[in-house]
Amino acid sequence: MELRQQALAALRLSDPEAKSQMALDLHAQSAHLKIAVDAELPAPPPAALPGHPPRPELRAHTEVARRSPATLAGRAVLLHAIAHIEFNAINLALDAIWRFAGMPRAFYLDWLQVAAEEAKHFRLLRAHLQKWGKDYGDFPAHQGLWTMCEKTASDILARMALVPRTLEARG
């Protein structure tokens, strides 16, 4: 099994459970994965990346309503927003693995660990939402993180500086 191709396959998955499970499975197999470090992988059509479920409805960040966390409904919206950040973080880590050739093996394994950790976070948040009678996808979300991912697709330095260290860290 080759990691970068598998990361691309996981990135293209639209089902959140399948994507998070594949990230966890790949991480569990990391000691046995081959990594085509120098291979340029063919890029899928931009519309194919990342795979997204039909819900949540994606809106511009200015169109996503905010609610007070003083109410259960407001806390559910906040938890959903954090779950969406974690779902996008899985995508960002998987994208870093497949997109950037020529990096040290440790780069790919570190990003695989990030993908697995974000998958765990996503699953925990989703389970908590479900305890409240809600689920991932019940509220609109935005794609600000992935938009920057697309803008930095050809520049690894810009990607590492802007996406995980700035935008994702600020949530």
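What this report covers is the structure whose coordinates are included nearby. Remember, predicted model here, so these are calculated numbers, not experimental data.

The next thing to look at is the packing of aromatic side chains. All told, the structure shown has five aromatic pairs when counted by the stated rule. Seen from their ring centres, Phe-87 and Phe-122 are 5.5 Å apart, and the 50° between their planes marks the pair as tilted. Highlighted residues: Phe-87 in helix α3 (residues 72–99) and Phe-122 in helix α4 (residues 105–131), separated in sequence by 35 residues. Here Phe-87 and Phe-122 have matching classes, each one buried. When the ring of Phe-107 is compared with that of Trp-111, the centres are 6.5 Å apart and the planes differ by 65°; the resulting orientation is edge-to-face. With Phe-107 and Trp-111 both in helix α4 and four residues apart, this pair spans about one turn of that helix. No difference in accessibility class separates Phe-107 from Trp-111, as the two residues are buried. Following the ring pairs from residue to residue traces out a cluster consisting of Phe-87, Phe-122 and Tyr-136.

Another aspect to go through is the pattern of salt bridges. Oppositely charged side chains can form a pair if their charged atoms are brought close together. Following the criterion strictly, the structure yields seven salt bridges and no others. The partner of Arg-159 in a salt bridge is Asp-95, with the nearest N and O atoms 2.7 Å apart. Of the two residues, Arg-159 sits in helix α6 (residues 156–170) while Asp-95 sits in helix α3, which places them 64 residues apart along the sequence. Exposure remark for Arg-159: the relative accessible area of 2% places this residue in the buried category. Overall, the relative accessible area of 0% leaves Asp-95 in the buried class.

Here Leu-49 and Pro-50 are connected by a cis peptide whose omega angle stands at -20°. Tracing the chain through its elements places Pro-50 in the loop between α2 (16–28) and β1 (58–59). In this chain, Arg-55 is followed by Pro-56 through a cis amide linkage whose omega measures 15°.

Put simply, helix α1 (residues 3–12) and α2 touch, their axes get as near as 8 Å, and they point 160° apart. Considering their axes alone, α1 and α2 lie roughly antiparallel with respect to each other. Crossing handedness for the pair α1 and α2: left-handed. Residues Gln-6, Ala-7, Ala-9, Ala-10 and Leu-11 of α1 lie in contact with α2, whose contacting residues are Lys-19, Met-22 and Leu-26. For the contact of α1 with α2, the residue count by class is six nonpolar, one polar and one charged.

All right, on to the nonpolar core then. Soluble globular proteins tend to bury their nonpolar side chains together. Of all hydrophobic cores here, the largest spans 44 residues; its most connected members are Leu-3, Leu-11, Leu-94, Ile-97, Trp-98 and Trp-111. Mapped by element, the contributors of at least two residues to this core are α1, α2, α3, α4, α5 (144–151) and α6. Here this core takes 13 residues from α3, the largest share from any one element. Other than its neighbours up to four places away in sequence, Ile-97 contacts Leu-3, Arg-4, Ala-7, Tyr-108, Trp-111 and Leu-112.

The next thing to look at is α1. When α1 is considered as a whole, its buried residues turn out to be Leu-3, Arg-4, Ala-7, Leu-8, Ala-10 and Leu-11. Down the axis of α1, the smallest arc covering the buried residues is 160°, so these residues share one side. Buried residues along α1 sit against α2, α3, α4 and α5. Capping the start of α1 is the job of one residue whose side-chain oxygen sits 3.0 Å from the backbone nitrogen of Arg-4: Glu-2.

The next point concerns the packing of α3 against α4. Remark: α3 packs on α4, axes separated minimally by 8 Å, with the N-to-C direction vectors making an angle of 160°. As judged from the angle between their axes, α3 and α4 are roughly antiparallel. Crossing hand, α3 versus α4: left-handed. A breakdown of the residues in the contact of α3 with α4 according to their chemical character gives 21 nonpolar, three polar and two charged.

Parameters and conventions
Residues numbered from 1 in each chain as written. Predicted model: local features only at pLDDT ≥ 70, side-chain atom pairs only at ≥ 80, totals over all residues. Heavy atoms only, no water. Phe/Tyr/Trp six-rings, centres within 6.5 Å; stacked < 30°, edge-to-face > 60°. Helix = DSSP H or I, 4+ residues; strand = E, 2+ residues; numbered from the N terminus. Buried < 20%, exposed > 50% of the residue type's maximum accessible area, 1.4 Å probe, protein only. Salt bridge = Lys/Arg side-chain N within 4 Å of Asp/Glu carboxyl O. Axes fitted to C-alpha atoms, helices over the stretch in contact; angles between N-to-C directions. Parallel < 35°, antiparallel > 145°, perpendicular 65-115°, else oblique. Left-handed = near helix turned anticlockwise from the far one by under 90°. Contact = heavy atoms within 4.5 Å. Nonpolar A, V, L, I, M, F, W, Y, C, P; charged D, E, K, R; others polar. Core = buried A, V, L, I, M, F, W, Y, C linked by side-chain atoms within 4.5 Å. Arc of directions from axis to C-beta. Polar contact = N/O pair within 3.5 Å; in protein donor to acceptor, adjacent residues only side chain to side chain.

These figures come from the coordinates and say nothing about function on their own.
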